[in-house]
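Descriptive structure summary
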Amino acid sequence: MRNPHKNKSTRKIRELTVVPELPDLEVAKNILNRTLSGQTIEEVEVGSPILLRRPTAEIFESTLNGLSIREYMRYGKFLIFHFEPAADLYINFMLAGRLRLQSPADPKQKKMGFRFKLENGLDLRYLDARNMGKIYLLLKDESTALIPNYNEQGPDALDPQLTPDVFRQRIKGFNAVIKHVLVNQRFIAGLGNAYADEILFSAHIMPFRKRSSLTDAEIEVLFNATKSVLQNAIATISARIGDTLQFEVRDFLQVHGKGGEPCPNCGSSISSVKSGLRIANFCRKCQF
Ligand SMILES: [Zn+2]
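All of these numbers come straight from a predicted model, not from anything done at the bench.

Considerations on the domain arrangement of the chain
Domain boundaries in the chain define domain 1 (15-146) and domain 2 (164-282). On a C-alpha basis, the centroid separation for the pair domain 1 and domain 2 is 27 Å. In total, about 2,000 Å² of surface goes out of reach between domain 1 and domain 2, with carbon and sulfur atoms giving 65% of it. Where domain 1 packs against domain 2, one counts 4 salt bridges.

Here it is as structure tokens:
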């Protein structure tokens, strides 16, 4: 028998979880490059080996101990640490991954993927309340082909080479409803449920339109909305969080997570419709 109360609370938890997307990770990457590049790792500890897809916890700890972090990069929803000497760490934060900078003396969290004690005396910790993140350490000369689905990703949504022409040509290879195309990392990499809702609202396009029904003019509007929504989000989040590694700033979004609230354009109630595992938020008056 169905238990309506249980379903309700499960749904609530899912909606409250901020799932990291491109803007959160881009801002984190910038903060890490600004504050923690060149740092040598003085101590490595794996907390939840289940998050480590490769190699083993023992090799992870022994390889990274003593290495310095040369640079932080991002591709789609992966944050990448490049080490010196050569090794590369790829983190896919999935539903609930977080980074925290704290004192090594702070109690270790139950859901700690790993921690690096840095030469500046601080711990950089990867936490994951859901234990669903995926961490891959590639050793010297190992290729990203070892990371499932990594090489199959489309261009990063912020890649300058993703021009209106490239965007239009690529999108025509996908025939699902438009929201599902936007969150498909094989089309472009970096978007999830929240920013797909925001981009479609900005472009005045209904999330359930078939991609094949979009005109070239609408695809161009969608391209411009993709770039501007992401750039604006990065600027807003950067201004709000300074150098703190927060992934939780989402209150500036226009429709995502705002089902039942008034649309910022027209004032009518924002719709909330379940589609597969995701909830789509949109305005029935402003999106066509
Ligand atoms: Zn509206």
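Now, onward.
A closer look at the sheet that holds strand β1 (residues 41-46)
What the 4 strands build is an open sheet, ordered β1-β7-β8-β6; its pairing is antiparallel. Whereas interior strands pair on both sides, the edge strands pair on one side only; in this sheet they are β1 and β6 (97-102). Direction aside, the axes of adjacent strands within the sheet are offset by 15 degrees on average. With 5 bridges joining them, β1 and strand β7 (residues 112-118) adopt antiparallel strand pairing. Across the sheet, V46 pairs through a bridge with F114, a residue of β7. Sitting on the sheet, helix α3 (residues 57-64) touches β1 and β7, and the angle it makes with β1 is about 170 degrees.

Details of the coordination of the zinc ion
With distances of 2.2 to 2.4 Å, the protein atoms coordinating the zinc ion are C263 (SG), C266 (SG), C283 (SG) and C286 (SG). Taken together, the 4 donor atoms coordinating the zinc ion and their angles of 101 to 112 degrees define a geometry best described as tetrahedral. All donors of the zinc ion belong to a single chain; written as a sequence motif, their spacing is C-x2-C-x16-C-x2-C. Of this pair, C263 sits in the loop between α7 (216-241) and β10 (271-275) while C286 sits in the segment after β11 (278-282), placing them 23 residues apart in sequence. For C263, a relative accessible area of 5% gives the class buried.

Brief notes about the sheet that holds strand β2 (residues 52-54)
Strand pairing in a sheet takes place through backbone hydrogen bonds and is either antiparallel or parallel in direction. The strand order across the open sheet built from 5 strands is β2-β9-β5-β4-β3, with neighbouring strands paired in mixed fashion. Of all the strands in the sheet, just β2 and β3 (68-75) have a single pairing partner and so form its edges. For this sheet, the mean angle separating the axes of adjacent strands, direction not counted, is 20 degrees. Sheet topology note: the strand β4 (residues 78-84)/strand β5 (residues 87-92) ladder contains 6 bridges and is antiparallel. Looking at the pairing, L79 lines up with I91 of β5. The strands touched by helix α2 (residues 22-36) within the sheet are β3 and β4, with β3 carrying the most contacts at an inclination of about 160 degrees.

Some details on the packing of α2 against α7
Between two packed helices, what matters for the description is the angle formed by their axes and the separation of those axes. Where α2 contacts α7, the two axes come as close as 9 Å, and the packing angle between them is 50 degrees. In terms of axis orientation, α2 runs oblique to α7. Of the two elements, α2 crosses α7, and the hand of that crossing is right-handed. From α2, L22, P23, D24, E26, V27 and I31 reach across to α7, where they touch L230, A233, I234, I237, S238 and I241.

Comments concerning the side chain of D123
Along the chain, D123 falls in strand β8 (residues 123-128). Assessed through its relative accessible area of 0%, D123 is described here as buried. Looking at D123, its side chain comes within polar contact range of the side chain of R115, at 3.0 Å. A polar side-chain atom of D123 sits 3.0 Å from a polar atom in the side chain of R125. Sequence-distant contacts of D123, that is, excluding residues within four places in its chain, are made with R100, L101, Q102, S103, P104, R115, F116 and K117.

What to know about the pairing of β5
Within β5, 6 of the 6 residues are buried, leaving the element largely enclosed by the surrounding structure. Hairpin connection between β4 and β5: a loop of 2 residues separates the two successive antiparallel strands. In this structure, β5 lies alongside strand β9 (residues 134-139), joined through 6 bridges in antiparallel fashion. What sits directly across from Y90, in β9, is Y136.

So, the nonpolar core
Membership of the largest hydrophobic core comes to 68 residues, with the highest contact counts inside it found for F60, F81, F83, L89, F116 and L222. For this core, the element with the most residues is α7, which contributes 10 residues. Look past the residues within four positions of F81 in its chain and what remains in contact with it is I69, E71, Y72, A87, D88, L89, I91, F116 and L124.

Conventions adopted
Residues numbered from 1 in each chain as written. Predicted model: local features only at pLDDT ≥ 70, side-chain atom pairs only at ≥ 80, totals over all residues. Heavy atoms only, no water. Domains from an automatic or database assignment. Buried area = accessible area lost by both parts, 1.4 Å probe. Salt bridge = Lys/Arg side-chain N within 4 Å of Asp/Glu carboxyl O. Pairing = 2+ DSSP bridges. Helix = DSSP H or I, 4+ residues; strand = E, 2+ residues; numbered from the N terminus. Axes fitted to C-alpha atoms, helices over the stretch in contact; angles between N-to-C directions. Contact = heavy atoms within 4.5 Å. Donors = N, O, S within 2.8 Å, 3.2 Å for Na, K, Ca; no water. Tetrahedral: all angles 85-135°; square planar, octahedral: opposite > 155°, others 65-115°. Buried < 20%, exposed > 50% of the residue type's maximum accessible area, 1.4 Å probe, protein only. Parallel < 35°, antiparallel > 145°, perpendicular 65-115°, else oblique. Left-handed = near helix turned anticlockwise from the far one by under 90°. Polar contact = N/O pair within 3.5 Å; in protein donor to acceptor, adjacent residues only side chain to side chain. Core = buried A, V, L, I, M, F, W, Y, C linked by side-chain atoms within 4.5 Å.

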